[in-house]
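Chain by chain, the residues run as shown.
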Amino acid sequence: MFDFYVQHEYWFAAAQLILAMLGMGATLSPSDFGRVFADPRGLGVGIVLQLVMVPLLAYGFITMLEGGVGGTVGLAVGLAVCASIPGGTVSNIFTYFARGHIALSIALTAATTVACLVTTPIILGLLITQYLPEGFVMPAGRIAAEIGLCLLLPLVLGMAYLRFLPGTSGLFSRWCIRGSLFVIGLIVIGALGAGRLDLQSFGLVNIGWVFAFALLLMIISRVVPRLLGNSWQDTVAINIEITVRNTNLGLLIKASLFPAAVGVADPVGDHALFAILLYGGVMLIFGGCLIGLYRTQAGFRDALK
């Protein structure tokens, strides 16, 4: 049974991403993306943080790892993958519950999702080329095609569903998201059963690095927008968008770069998978904390009005 997962890991990753993007698309309409252009500062700050600050932070972490402060090659690859992916549907949901600027959150997700068609291969090439096997060429074209077919196309199809079948779009979206979560559960079970999620092998040091990376993303994306004068609601949206990333896409990229093979040990790929899944769990915890913090602040702001 677990050999079946290993043989088809890529398709498990693709299925969960397609379902997630269909579900997200079914909640969006073109008008959602036009509401932020009256004041584009939030969109500009969010895009710059997502496409410049996050990769630079990952570069700093990878440089420290190369300096011998702990961590493994697989961890470096996992952090690079996390840095190269945009925010996802969960960030929009969290922003809604945190009373942030939901239209800005949606616009940031859309803009960085489209941009990652180009930026993801570039960021990965800059950050982890040195960790790939000799003679390996970053499959930029294949990664771009996978992003287009498994991320952007389902997103557009989901939006079309909302446009033509609005009465059932909510139900459709919920079941797609649930299906994506179910497949992620299968990935975790399959990886555990195949011995690819080995906590002892991954180690506490690597776990600490993943927590530190997520924590710094959360802090920096909170502080910078406020220093630049963005509104409170814009800051909420940017903060959550940077912290809560599309790890669904990260799983697909990992499966593409380091495909699993039955009976073949792959510590780099396995540690990268562990790091991506761990970041996905950590970001949900941090995102929940941000919701509680911002809802409390919103309550105080309402009381002072």
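Every residue gets a number counted from 1 within its own chain, in the order that chain's sequence is written. Whole-chain, interface and lining totals are the exception, using all residues; otherwise, since this is a predicted model, local features are given only for residues with pLDDT of at least 70 and side-chain atom pairs are given and counted only at 80 or more. Water and hydrogen atoms play no part in the side-chain values, which are based on all heavy atoms of the structure.

## Side note on the overall build of the chain
1) Next: Secondary structure elements follow DSSP: runs of H or I no shorter than four residues count as helices, runs of E no shorter than two count as strands, and numbering proceeds from the N terminus. A count of helical and extended segments in the chain gives 12 helices and 0 strands.
2) Next: Along the chain, helices and strands appear, N-terminal first, in the series α-α-α-α-α-α-α-α-α-α-α-α.
3) Next: Only heavy atoms enter the contact rule, under which two residues are in contact if any of them lie within 4.5 Å. Contacts spanning at least 24 positions in sequence make up 86% of the contacts within the chain whose residues lie at least 6 apart.
4) Next: Each accessible area is a Shrake-Rupley result for a 1.4 Å probe, and residues are judged covered by the shown protein chains and nothing else. Of the roughly 13300 Å² of accessible surface on the chain, a fraction of 72% belongs to carbon and sulfur atoms.

## Things to note about the environment of Gln233
1) Next: Among the secondary structure elements, Gln233 is positioned in helix α10 (residues 232–243).
2) Next: Residue classification places Gln233 among the partly exposed positions, given a relative accessible area of 40%.
3) Next: Remark: the alpha-carbon pair of Gln233 and Gly42, spanning 191 residues in sequence, is separated by 9.5 Å.
4) Next: Not counting residues within four places of it along the chain, the set of residues in contact with Gln233 comprises Arg99, Gly100 and His101. When a residue's accessible area, from a 1.4 Å probe over protein chains only, is under 20% of the maximum for its type it is buried; when over 50% it is exposed; and in between it is partly exposed.

## Brief notes about the nonpolar core
1) Next: Here the nonpolar core consists of buried residues drawn from Ala, Val, Leu, Ile, Met, Phe, Trp, Tyr and Cys, with membership extended through side-chain atoms lying within 4.5 Å. Counting residues in each nonpolar core, the largest one holds 87 residues, and the members touching the most others are Phe213 and Leu249.
2) Next: Top element by residues in this core is helix α12 (residues 267–304). It accounts for 15 residues.
3) Next: Aside from chain neighbours lying at most four places away, what touches Leu249 is Leu17, Ile85, Pro86, Cys116, Ile147 and Leu151.

## Quick notes on a nonpolar patch on the surface
1) Next: Together, Leu215, Leu216, Ile219, Val223 and Leu227 give the surface a local cluster of nonpolar side chains, amounting to about 430 Å² of exposed area.
2) Next: The residue Leu215 is located in helix α9 (residues 199–227) in this model. Residues enter patches when they are more than 30% accessible in relative terms and free of salt bridges; like-charged ones are connected within 9 Å and nonpolar ones (Val, Leu, Ile, Met, Phe, Trp, Tyr) within 5 Å. Put simply, a salt bridge is a Lys or Arg side-chain nitrogen that is within 4 Å of an Asp or Glu carboxyl oxygen.

## Some remarks on the environment of Leu217
1) Next: With respect to the element layout, Leu217 can be found in helix α9.
2) Next: Look at Leu217 and you get buried, because its relative accessible area is 0%.
3) Next: Taking the C-alpha atoms as reference, Leu217 lies 7.1 Å from Val54; in sequence the two are 163 residues apart.
4) Next: Apart from the residues lying within four places of it in its own chain, the contact partners of Leu217 are Met53, Val54, Leu57, Ile242, Thr243, Arg245 and Tyr279.

## Thoughts on helix α8 (residues 166–193)
1) Next: Helix span, expected: 1.5 Å multiplied by one less than the number of residues in the helix. Taking 1.5 Å of rise per residue, 28 residues should cover 40 Å, and α8 covers 41 Å from first to last C-alpha, within 8% of that figure.
2) Next: Within α8, burial applies to Ser169, Ser173, Cys176, Gly179, Ser180, Val183, Ile187, Gly190 and Ala191.

## A look at the packing of aromatic side chains
1) Next: Only rings of Phe, Tyr and Trp enter the pairing, Trp through its six-membered ring, and a pair is recorded when the two centres are within 6.5 Å. The plane angle decides the type: under 30 degrees is stacked, over 60 is edge-to-face, the rest tilted. Inspection of the entire model under this criterion finds 7 aromatic pairs.
2) Next: Ring centres 4.1 Å apart and planes at 10° place the aromatic pair Tyr161 and Phe172 in the stacked group. Remark: Phe172 occurs in helix α8 and Tyr161 occurs in helix α7 (residues 140–164); sequence separation between them is 11 residues.
3) Next: A relative accessible area of 23% places Tyr161 in the partly exposed class.
4) Next: Residue Phe172 is classed as partly exposed on the basis of its relative accessible area, which comes to 23%.

## Description of helix α6 (residues 102–128)
1) Next: Taking 1.5 Å of rise per residue, 27 residues should cover 39 Å, yet α6 covers just 34 Å from first to last C-alpha, more than 12% shy of that figure.
2) Next: At Cys116, α6 is deflected by roughly 60°, the largest bend along its length.
3) Next: Buried residues dominate α6, accounting for 19 of its 27 residues. To obtain the bend at a residue, axes are fitted to the seven residues ending there and to the seven starting there, and the angle between these axes is taken.

## Topic: the confidence of the model for the chain
1) Next: Mean pLDDT for the chain: 83, with 89% of residues reaching 70 or above.
2) Next: Per residue, pLDDT captures the predictor's confidence, and it can take any value from 0 to 100. Looking at the elements of the chain, mean pLDDT is at its lowest for helix α1 (residues 2–7), recorded as 67, and at its highest for α10, recorded as 94.

## Some remarks on the packing of helix α2 (residues 9–25) against helix α11 (residues 247–257)
1) Next: Only the stretch in contact is used when fitting a helix axis, every axis being a line fitted to C-alpha atoms; angles between N-to-C directions are given from 0 to 180 degrees. In the contact formed by α2 and α11, the axes pass within 8 Å of each other and the chain directions differ by 155°. The angle between the axes of α2 and α11 places the two elements in the roughly antiparallel class. Crossing of α2 over α11 shows left-handed handedness. Judged by residue contacts, Glu9, Tyr10, Ala13, Ala14, Gln16, Leu17 and Ala20 of α2 engage Asn248, Leu249, Leu251, Leu252, Lys254, Ala255 and Ser256 from α11.
2) Next: The nonpolar class holds Ala, Val, Leu, Ile, Met, Phe, Trp, Tyr, Cys and Pro. Asp, Glu, Lys and Arg form the charged class, and all remaining residues, Gly among them, are polar. Of the residues belonging to the contact of α2 with α11, the class tally is 9 nonpolar, 3 polar and 2 charged. An angle counts as roughly parallel when it lies under 35 degrees, as roughly antiparallel when it exceeds 145, as roughly perpendicular when it falls between 65 and 115, and as oblique in every other case. The sense of a crossing depends on the near helix, which, turned anticlockwise from the far helix by less than a right angle, makes the crossing left-handed and, turned clockwise, makes it right-handed.

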